[in-house]
Structure formats: structure tokens, C-alpha cells
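Residues per chain, in single letters:
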Amino acid sequence: MIEAFIHGTALAFGLILPLGVQNVFIFNQGATQKRFLRATPAIITASICDTILILLAVTGVSIIVFRFEWLTNLIFIIGFCFLIYMGWSIFRSDSENKGKQQKNVQLTAKRQIIFATSASFLNPHAIIDTIGVIGFNSLSYKGNELVIFALSCISVSWIWFFGLAIAGRIFGKVDTTGKLIKRFNQVSAFIIWGIAVYIGIKVIGD
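Residues numbered from 1 in each chain as written. Predicted model: local features only at pLDDT ≥ 70, side-chain atom pairs only at ≥ 80, totals over all residues. Heavy atoms only, no water.

(A) Representation of the confidence of the model for the chain in the model. On average, residues of the chain score 82 in pLDDT, and 90% of them reach the 70 mark or higher. Of all helices and strands in the chain, the one with the weakest mean pLDDT is helix H4 (residues 61-65) (69), whereas helix H3 (residues 40-58) scores best (93). In this model, residues 95-104 is a region of pLDDT below 50 whose contacts with residues beyond four sequence positions or in other chains number 14 contacts. (pLDDT = per-residue confidence, 0-100. Helix = DSSP H or I, 4+ residues; strand = E, 2+ residues; numbered from the N terminus. Contact = heavy atoms within 4.5 Å.)

(B) Examining the nonpolar core more closely. Membership of the largest hydrophobic core comes to 42 residues, with the highest contact counts inside it found for Val21, Phe25, Ile26, Leu83, Ile134, Phe149 and Phe161. When contributions to this core are tallied by element, the ones reaching two or more residues are helix H1 (2-16), helix H2 (21-32), H3, helix H5 (69-92), helix H6 (109-121), helix H7 (124-138), helix H8 (143-174) and helix H9 (179-205). The biggest single contributor to this core is H8, with 9 residues. Not counting chain neighbours up to four residues away, the residues in contact with Ile26 comprise Ala42, Ile43, Ala46, Phe161, Leu164 and Ala165. (Core = buried A, V, L, I, M, F, W, Y, C linked by side-chain atoms within 4.5 Å. Buried < 20%, exposed > 50% of the residue type's maximum accessible area, 1.4 Å probe, protein only.)

(C) H1, seen in detail. Across its 15 residues, H1 extends 21 Å between first and last C-alpha, which sits within 8% of the 21 Å expected from 1.5 Å per residue. Taken as a whole, H1 has its buried residues at Ala4, Gly8, Leu11, Ala12 and Ile16. Each buried residue of H1 lies within a common arc of 120° when the element is viewed along its axis, so the set occupies one face. In this structure, H1 carries Ile2, Glu3, Ile6 and Ala10 as exposed residues pointing more than 90 degrees from its buried face. Where H1 is buried, its residues touch H2, H3, H7 and H8. (Expected span 1.5 Å × (residues − 1). Arc of directions from axis to C-beta.)

(D) Structural view of a nonpolar patch on the surface. The grouping of Ile64, Phe68, Trp70, Leu74, Ile78 and Leu122 at the surface amounts to a nonpolar patch, some 570 Å² of accessible area in total. Assignment of secondary structure puts Ile78 in helix H5. (Patch = residues over 30% accessible without salt bridge, like charges linked within 9 Å, V, L, I, M, F, W, Y side chains within 5 Å. Areas by Shrake-Rupley, 256 points an atom, 1.4 Å probe, with all protein chains shown as cover. Salt bridge = Lys/Arg side-chain N within 4 Å of Asp/Glu carboxyl O.)

(E) Region of interest: the side chain of Gln22. Structurally, Gln22 can be placed in helix H2. Under the relative-accessibility criterion, Gln22 is labelled buried at 10%. Polar side-chain contacts of Gln22 include one of 3.1 Å to the side chain of Asp50. For Gln22, the side chain forms a polar contact with the side chain of Ser120, separated by 2.8 Å. With residues near it in sequence (within four places) discarded, Gln22 still touches Ala46, Asp50, Ala119, Ser120, Ala126 and Phe161. (Polar contact = N/O pair within 3.5 Å; in protein donor to acceptor, adjacent residues only side chain to side chain.)

(F) Representation of the layout of surface pockets in the model. Space inside the second largest pocket adds up to approximately 380 Å³. Around the second largest pocket, the lining is made up of 22 residues, and of these Leu15, Ile16, Gln22, Ala126 and Asp129 lie nearest the centre. Secondary-structure elements contributing two or more residues to the lining of the second largest pocket are H1, H2, H3, H7 and H8. Looking at which element gives the most residues to the lining of the second largest pocket, the answer is H7, with 5 residues. (1 Å grid on protein atoms, 1.4 Å probe; cavity = no way out; pocket = protein on both sides within 12 Å on 5 of 7 lines; lining within 4 Å. Points joined across faces, edges and corners; volume = space filled by probe spheres on them.)

Here you go:
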């Protein structure tokens, strides 16, 4: 039981820690919303989406997905297009403000839900890492141990997204001019584009 908990916690944390579309989006919502409560639609949506992916992974969907090469390639192609678009949106998000502070531009709850869902289900890294890595590692467990493993992965996801939004909230209060958020977005955009290029090369190479 303890081994499954530690394994699931460490694995989930290792997968969710690197900078990606989900993390950038949640962090930005924490930084730009006037109140933390207004960022919760994005946080909860991202957490629910990760929960769904983790449950699909531990119930054996990973075996089905990776059995079909065309399905894997389709996920990568859709993800490539999505990451290019998201990178561009993040890169130019501050320039659209025309000198106004980033805090003044806030997404509605509906747009937060749409963006968070897209960042989760159209992001090949989120899908492949969650379904592939967590799904593969879950094969070591059965019964109650499998439940503990899955719950530990899910718990890390929820705690991480809430913590990330809180960090964004603190960052937003410190960055009163919005310049630091602008630089953060630009760096994030290039990282996301780098991931997209890697995915594109992988698809072509296969």
C-alpha cells in the first residue's frame, strides 16, 4: 500500500512538474484574475481532465492507444497544431493589451474551461505521459494497491494545480507592471514551440 502511494506520488509529480501548456495557463490565471476564486474554473477543469486521463490509464486504455500506430500519430499531429497555436496565443497575449497591465485582461469562466480542457485533451504530452507512463506503471498493481496508486496520482494533480495558481497569484501581486508576466509568457511560448517541433520531428521520423 505504502509503496503504491509513494510510487504514484513521485511519478505524478515528476510528470506534472515540467513547464507546459497546462502549467502556464493555470499560473497565468492565478496571476491575472482579480480574485483567486475567479481562477478556480481553470484549476478545477484541469484537475478533472487529469483525473479522467489517469483513470483511463490505470484501466488499461494505454494498451489500446499504443496498439494502433495511426492513432498515436493522429494524437501527435493534432497536438502539434494545438501547441503551435497555444504558443502563439501565449506569446502575443501581453502585446494585445497595448500597454495595459496583464491583470486587466481576464478570461471568463467559460473561456477558462474551454482553454483548460483543450490544454489537457489536445496536448500530446499530457496524453502520452499520463496514459503511457502512468498506465504502464500501473500494471505493477492490482486491487487495493491499484486504487491507492491511482488516487495518489490524482491527488498530486489537484494539489499541484491549486498550488500553481496560488504561486501565480503571489507573482501577479509582486509584478505590478505586468512586465515579468510578459517575459514569462514569451519564454513559455518558446518552450511550447520547442515541444511542438520535437513532436513534428517524431511524426516525420516515424
